[in-house]
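What follows is the residue order along each chain.
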Amino acid sequence: METVVLYTSHYGATKQYATALAAALGAPCFALGTEDAQAVRSAGRIVYGGGLYAVSYTHLTLPTNREVEILEVAGSLKKEK
């Protein structure tokens, strides 16, 4: 099944997780609003990653004819010294 990973990231943590997930899945990864429309149309699975800010996802229009997964990220990755 073709997968595409979309994300929004305010501080960069969600971008890191989304990029790593997309690499592990062999899927393209795009910031929401910069996605390749054809990649999204042809995907059987859409993974959306966003920060957990005590808000809902009612602003998203999710397709009903495909698998959609939500990745919520809270906190950030620590950089090793």
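Details of the structure are given in the entry above.
So, how was this worked out
- Residues numbered from 1 in each chain as written.
- Predicted model: local features only at pLDDT ≥ 70, side-chain atom pairs only at ≥ 80, totals over all residues.
- Heavy atoms only, no water.
- Pairing = 2+ DSSP bridges.
- Helix = DSSP H or I, 4+ residues; strand = E, 2+ residues; numbered from the N terminus.
- Axes fitted to C-alpha atoms, helices over the stretch in contact; angles between N-to-C directions.
- Contact = heavy atoms within 4.5 Å.
- Buried < 20%, exposed > 50% of the residue type's maximum accessible area, 1.4 Å probe, protein only.
- Core = buried A, V, L, I, M, F, W, Y, C linked by side-chain atoms within 4.5 Å.

Asker: Mind showing me how you'd approach the sheet that holds strand E2 (residues 29-31) here?
Answerer: Sheets are built from strands paired through backbone hydrogen bonds, the pairs being either parallel or antiparallel. Spatially, E2-E1-E3-E4 is the arrangement adopted by the 4 strands of the open sheet, whose pairing is parallel. This sheet does not close on itself; its edge strands, each paired only once, are E2 and strand E4 (67-73). The sheet shows a mean angle of 20° between the axes of neighbouring strands, taken without regard to direction. Sitting on the sheet, helix H1 (residues 13-25) is in contact with strand E1 (3-7), E2, strand E3 (45-51) and E4, with an inclination near 175° to E1.

Asker: Hey, could you run me through the pairing of E3 in this one?
Answerer: Within a regular strand, the side chains alternate between the two sheet faces. Across the 7 residues that make up E3, a large majority, 6, are buried. Of the pairings in the sheet, the one linking E1 to E3 comprises 5 bridges and is parallel in character. Bridged to tyrosine 7 within E3 is glycine 49. Here E3 runs beside E4; their pairing, made up of 7 bridges, is parallel. Counterpart to glycine 49 in the pairing with E4 is leucine 71.

Asker: Quick question: what am I supposed to make of the side chain of threonine 3 here?
Answerer: Mapped onto the elements of the fold, threonine 3 is located in strand E1. Residue classification places threonine 3 among the buried positions, given a relative accessible area of 8%. Setting aside residues no more than four positions away along its own chain, threonine 3 makes contact with Leu25, Ala27, Pro28, Ala43, Arg45 and Val47.

Asker: Sorry if this is basic, but what is going on with the environment of valine 47 here?
Answerer: In this fold, valine 47 is placed in strand E3. For valine 47, a relative accessible area of 5% translates into the label buried. On a C-alpha basis, the gap between valine 47 and alanine 18 in space is 8.7 Å, while along the polypeptide they are 29 residues apart.

Asker: What's the story with the side chain of threonine 14 in this structure? I'm lost.
Answerer: Along the chain, threonine 14 falls in helix H1. Once residues within four sequence positions are removed from consideration, threonine 14 is found in contact with Tyr7, Thr8, Ser9, Gly49, Gly50, Gly51 and Val73.

Asker: Please explain the nonpolar core as it appears in this structure.
Answerer: Where a protein is soluble and globular, its nonpolar side chains tend to be buried together. Of all hydrophobic cores here, the largest spans 8 residues; its members are Val4, Leu6, Phe30, Ala39, Val40, Ala43, Ile46 and Tyr48. Listed by contribution, the elements that provide at least two residues to this core are E1, helix H2 (37-42) and E3. Setting aside its immediate chain neighbours within four residues, leucine 6 contacts Phe30, Leu32, Glu35, Val40, Ile46, Val47, Tyr48 and Gly49.

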